[in-house]
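Next come the chains, spelled out residue by residue.
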Amino acid sequence: MYTDSESCVRAVQAKDARFDGVFFTAVLTTGIYCRPSCPVVPPKPHNMRFHPSAAACQQAGFRACKRCRPDTTPGSPQWNHRADLVARAMRLVADGVVDREGVTGLAARLGYSTRQVERQLLAELGAGPLALARAQRAQTARILIETTELPMAQIAFAAGFASIRTFNDTVREVYALAPGELRTRAARTRDRTEPGTPGVLSLRLPFRAPLNPDNLFGHLAATAVPGVEEWRDGAYRRTLRLPHGPGIVALTPGPEHIGCRLALTDQRDLTVAISRCRRLLDLDADPVAVDDQLRTDELLAPLVDKAPGRRVPRTVDEPEFAVRAVLGQQVSTAAARTHAARLVLAHGEPVDDPEGGLTHLFPSPAALAALDPESLALPRSRRTTLTRLVRELADGAIKLGPDSDWDEARARLTELPGFGPWTVEVIAMRALGDPDAFLPTDLGIRRAAQSLGLPHTPAAFTARAAAWRPWRAYAVQYLWATDDHPINSLPA
């Protein structure tokens, strides 16, 4: 959108928060860049320049606005509904791949040359992978500076900087303040009544309104695997498998943001943990665009109007969800949780949780690939399906992650024994993040379709649902919500 200057100007003048993260406004007279909804008086149109990313603004020499803090906006919704090279690259940058593996590692994961990746990112985002990763490091550093008492040297390396000098120079360049000044400024505005816990980071995860938390947190709580996930004191809590060690997150729904408390073994995993939590809760979605499309169907419109802003509950660990999808084939939610809990106790890695009842990480594909199939309390055909899946995940024959090609992943999953359309599509929807994944054979969806007067045979239903594209996964959430099931409401 940033190439359409007239539309961008109208969004800035209207202070339209829907476009925060979609583009950024650089102001020639002040040398700063802002989000479209910045509360200050809008600059004159001829002094505005529009960029597709914060990194592009920084690369052009602009500093982040101290009022609207454009670096804290939700991510662009474009990366949610695309599976091309640029979208996959952006998801990997957010997952910290450039910091851990460099640009060559990023290119290798995508299956392209370094030059091709850099050229396409520059063409669409105005910044290459190093500049994008640098902007992300600066944001991570700011979070650690403002929310912890860690020494600056420790923050520099935790945020991914190669040296303290680079850390200092980058923070000054991006925020026009030295690291110490940022901390002093934050201390003056911090809520003194909020209790702090040593080693725990308290953050706010922004989203585009509206957000309906009922099915989002209800689904996660109702399907929680004991020991790995729990609902406690109004928050969804779970363990995280991160590159440098395990972590625990508590996510609390709020009217303007999601409260996020992170306990990390290694602070270097902060960026990755935030990215995975945002992906879990679908926080970069554009609910207005989704709901407007779904409202064009007169039978679906009342469901959207009743509770707008439904999100698709996703996952922090794609292989974990694939395993759980197999365990959930043709059984109740309670039975699926029981099967998963047995795997966790037998093969999961123990973790320490002083604040709750979490005990383990969900077992990795490598750990599950070594198990004895006869030890599984499952039908023989389901054992075969599960053991074949974990073997292929462990050896890399099937790749499920932010870099996955959705069509290729579907094709590889379909080749596995016991993988029908429902299993493939639910993995596409919740693990791969495809917003157009659709479940026409799901019993709950068919029941909802019949009650609304929609076609309920898979072929006819799929044909009718073509009008909902590319947001059919969101239509599934609205249809599921017609049922009286624990996944559709927040726990008491």
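Calculation rules
- Residues numbered from 1 in each chain as written.
- Predicted model: local features only at pLDDT ≥ 70, side-chain atom pairs only at ≥ 80, totals over all residues.
- Heavy atoms only, no water.
- 1 Å grid on protein atoms, 1.4 Å probe; cavity = no way out; pocket = protein on both sides within 12 Å on 5 of 7 lines; lining within 4 Å.
- Points joined across faces, edges and corners; volume = space filled by probe spheres on them.
- Helix = DSSP H or I, 4+ residues; strand = E, 2+ residues; numbered from the N terminus.
- Nonpolar A, V, L, I, M, F, W, Y, C, P; charged D, E, K, R; others polar.
- Core = buried A, V, L, I, M, F, W, Y, C linked by side-chain atoms within 4.5 Å.
- Buried < 20%, exposed > 50% of the residue type's maximum accessible area, 1.4 Å probe, protein only.
- Contact = heavy atoms within 4.5 Å.
- Disulfide = S-S within 2.5 Å.
- UniProt positions renumbered as here; feature names shortened; annotations may be inferred.
- Polar contact = N/O pair within 3.5 Å; in protein donor to acceptor, adjacent residues only side chain to side chain.
- Pairing = 2+ DSSP bridges.
- Axes fitted to C-alpha atoms, helices over the stretch in contact; angles between N-to-C directions.
- Phe/Tyr/Trp six-rings, centres within 6.5 Å; stacked < 30°, edge-to-face > 60°.
- Salt bridge = Lys/Arg side-chain N within 4 Å of Asp/Glu carboxyl O.

Approximately 1100 Å³ is the volume found for the second largest pocket. Among the elements of the structure, helix H10 (213-222), strand S7 (235-242), helix H14 (318-327), helix H15 (333-347), helix H17 (380-394), helix H19 (421-432) and helix H20 (443-452) are those that each provide at least two residues to the lining of the second largest pocket. Taken together, the residues of the lining of the second largest pocket break down into 17 nonpolar, 17 polar and 11 charged.

As a further point, take the nonpolar core. By size, the foremost hydrophobic cluster in this structure holds 59 residues, and its most contacted members are Leu-294, Ile-427 and Trp-468. In this structure, Trp-468 is in contact with Gln-293, Leu-294, Asp-297, Leu-300, Phe-438, Leu-454, Phe-461, Ala-475 and Leu-479, ignoring residues within four places of it in sequence. Counting 50 residues, the second largest nonpolar core, distinct from the first, contains Phe-24, Cys-57, Leu-205 and Val-249.

All right, on to the state of the cysteines then. Any covalent bond linking the sulfur atoms of two cysteines counts as a disulfide. By the definition in use, this model includes 0 disulfides. With no disulfide of its own, Cys-57 has Cys-34 as its nearest cysteine by sulfur position, at a separation of 9.2 Å. Overall, the relative accessible area of 0% leaves Cys-57 in the buried class. Note on Cys-277: no disulfide assigned, nearest cysteine sulfur contributed by Cys-260 at a separation of 4.8 Å.

Time to look at the UniProt feature "domain: HTH araC/xylS-type" (unreviewed entry) in the chain. Per the UniProt annotation, the sites labelled "domain: HTH araC/xylS-type" (unreviewed entry) are residues 87-185. Taken end to end, residues 87-185 has its terminal C-alpha atoms 35 Å apart, with 80% of it in helix and 0% in strand.

Attention shifts here to the side chain of Glu-320. On the secondary structure map, Glu-320 appears in helix H14. Of note is the side chain of Glu-320, whose polar atom sits 2.8 Å from the side chain of Arg-324. The contacts of Glu-320, once residues within four sequence positions are left out, are Arg-238 and Phe-362.

The strand order S3-S1-S2-S4 describes an open sheet built from 4 strands, whose pairing is mixed. Looking along the sheet, the strands with just one partner apiece sit at the ends: strand S3 (48-51) and strand S4 (63-64). Examined bridge by bridge, strand S1 (residues 24-27) and strand S2 (residues 32-34) share 3 bridges and lie antiparallel to one another. Note on S2: the bridge partner recorded for Thr-25 is Cys-34. Where helix H1 (residues 5-13) meets the sheet, it contacts S1 and S3, and its direction lies at approximately 105° from that of S3.

A word on the packing of aromatic side chains. Summed over all chains, the structure comprises 9 aromatic pairs. Measuring from centroid to centroid gives 6.3 Å for Phe-19 and Phe-23, while their planes differ by 45°, and the two rings are tilted. Using a relative accessible area of 0% as the deciding quantity, one classes Phe-23 as buried. Each ring, one from Phe-438 and one from Phe-461, has its centre 5.2 Å from the other, and the planes form 70°; the classification is edge-to-face.

Bringing the pattern of salt bridges into the picture now. If you walk through the whole model with that rule in mind, you get 38 salt bridges. As a salt-bridge pair, Glu-230 and Arg-237 come within 2.5 Å of each other at their nearest N and O atoms. A single burial state applies to Glu-230 and to Arg-237, both of which are buried. Salt bridges sharing partners connect three or more residues here, namely Arg-69, Asp-71, Arg-142 and Glu-146.

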